[in-house]
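Given next are the chains, with one letter for each unit.
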Amino acid sequence: MNKTYSWYSTLIKPSWAPPSYLFGPVWTGLYIIIAITFGIVFYQTFTRKLPFIITLPFILNLLFNFAFTPLQFGLKNNLAAALDILLVLGTLVWALFSIWPRNHLIVYFNIPYLLWVLFATILQLTVTYLNR
């Protein structure tokens, strides 16, 4: 982990980038929201209260979300991480649009996640551009 931190600390980042110690607590809170709200969606699909097509973007969002850290910090690949975070954002927007007609609360509870992913997307695209 120390080598990863050393590598990331050498990257050029915008002046508005938050300190690295902030990411852990933010993601902890967001993963609690994700676990609860996505869990509800998955349960409703399992019990056939929701069609699979509504759940598909939630599944894809989790896959892309979990791929980000290995791409960014394992492979140290800013471009792959930038493409991945765009997929995280796209599938999250798709998921929230797909669930909206059936459960507004899922959307409301995921607004912090959406805002953070939007910020993280802008940050990752900027870091990728600055370190091209």
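From a predicted model like this one, the values you see are computed outputs, not experimental measurements.

**Q** So, the environment of S20: which residues are in play, and what are the values?
**A** Inspection of the secondary structure assignment puts S20 in the loop between helix 1 (2-10) and helix 2 (23-46). Residue classification places S20 among the partly exposed positions, given a relative accessible area of 40%. For the pair S20 and K76, spaced 56 residues apart in sequence, the C-alpha to C-alpha distance is 16 Å.

**Q** Give me the packing of aromatic side chains: which residues, what numbers.
**A** One pass over the full model with this rule turns up 13 aromatic pairs. The interplanar angle of 90 degrees and the centroid separation of 6.4 Å between the aromatic rings of W7 and F73 together place this pair among those described as edge-to-face. Here W7, found in helix 1, pairs with F73, found in helix 3 (residues 52-74); they are 66 residues apart in sequence, far enough to count as distant. A relative accessible area of 17% places W7 in the buried class. Centroid distance W116 to F119: 5.5 Å. Interplanar angle 45 degrees. Geometry classified as tilted.

**Q** How would you explain the side chain of S98 if you had to name every residue and give the values?
**A** Inspection of the secondary structure assignment puts S98 in helix 4 (residues 78-99). Look at S98 and you get buried, because its relative accessible area is 16%. Within the structure, S98 has its side chain in polar contact with the backbone oxygen of A95 (distance 2.9 Å). What S98 contacts, discounting residues up to four positions off in sequence, is I54, P57 and F58.

**Q** I'd love a proper account of the side chain of T55, names of residues and values included.
**A** Inspection of the secondary structure puts T55 in helix 3. Owing to a relative accessible area of 2%, T55 belongs among the buried residues under this scheme. Those residues within four positions of T55 in sequence are excluded, and the remaining contacts are V41, F42 and T45.

**Q** Got a sec to walk through the packing of helix 2 against helix 3? Specific residues and values, please.
**A** Where helix 2 meets helix 3, the closest approach of the two axes is 10 Å, and the angle between their N-to-C directions is 150 degrees. Classed by the angle they form, the pair helix 2 and helix 3 counts as roughly antiparallel. Helix 3 is crossed by helix 2, and the crossing has left-handed handedness. On helix 3, the residues touching W27, Y31, I34, F38, V41, F42 and T45 of helix 2 are F52, T55, F58, I59, N61, L62, N65 and F66. Considering only residue class, the contact of helix 2 with helix 3 consists of eleven nonpolar, four polar and no charged.

**Q** Please provide a residue-by-residue account of helix 2, values included.
**A** Between its terminal C-alpha atoms helix 2 stretches 32 Å, which fits the 34 Å expected from 24 residues at 1.5 Å a residue. All of the buried residues in helix 2 are W27, L30, I34, T37, F38, V41 and T45. If you follow the buried residues of helix 2, they end up packed against helix 3, helix 4, helix 5 (104-109) and helix 6 (111-130). Once helix 2 ends, the next one or two residues include R48, with phi positive near 65 degrees.

Conventions we followed
Residues numbered from 1 in each chain as written. Predicted model: local features only at pLDDT ≥ 70, side-chain atom pairs only at ≥ 80, totals over all residues. Heavy atoms only, no water. Helix = DSSP H or I, 4+ residues; strand = E, 2+ residues; numbered from the N terminus. Buried < 20%, exposed > 50% of the residue type's maximum accessible area, 1.4 Å probe, protein only. Phe/Tyr/Trp six-rings, centres within 6.5 Å; stacked < 30°, edge-to-face > 60°. Polar contact = N/O pair within 3.5 Å; in protein donor to acceptor, adjacent residues only side chain to side chain. Contact = heavy atoms within 4.5 Å. Axes fitted to C-alpha atoms, helices over the stretch in contact; angles between N-to-C directions. Parallel < 35°, antiparallel > 145°, perpendicular 65-115°, else oblique. Left-handed = near helix turned anticlockwise from the far one by under 90°. Nonpolar A, V, L, I, M, F, W, Y, C, P; charged D, E, K, R; others polar. Expected span 1.5 Å × (residues − 1).

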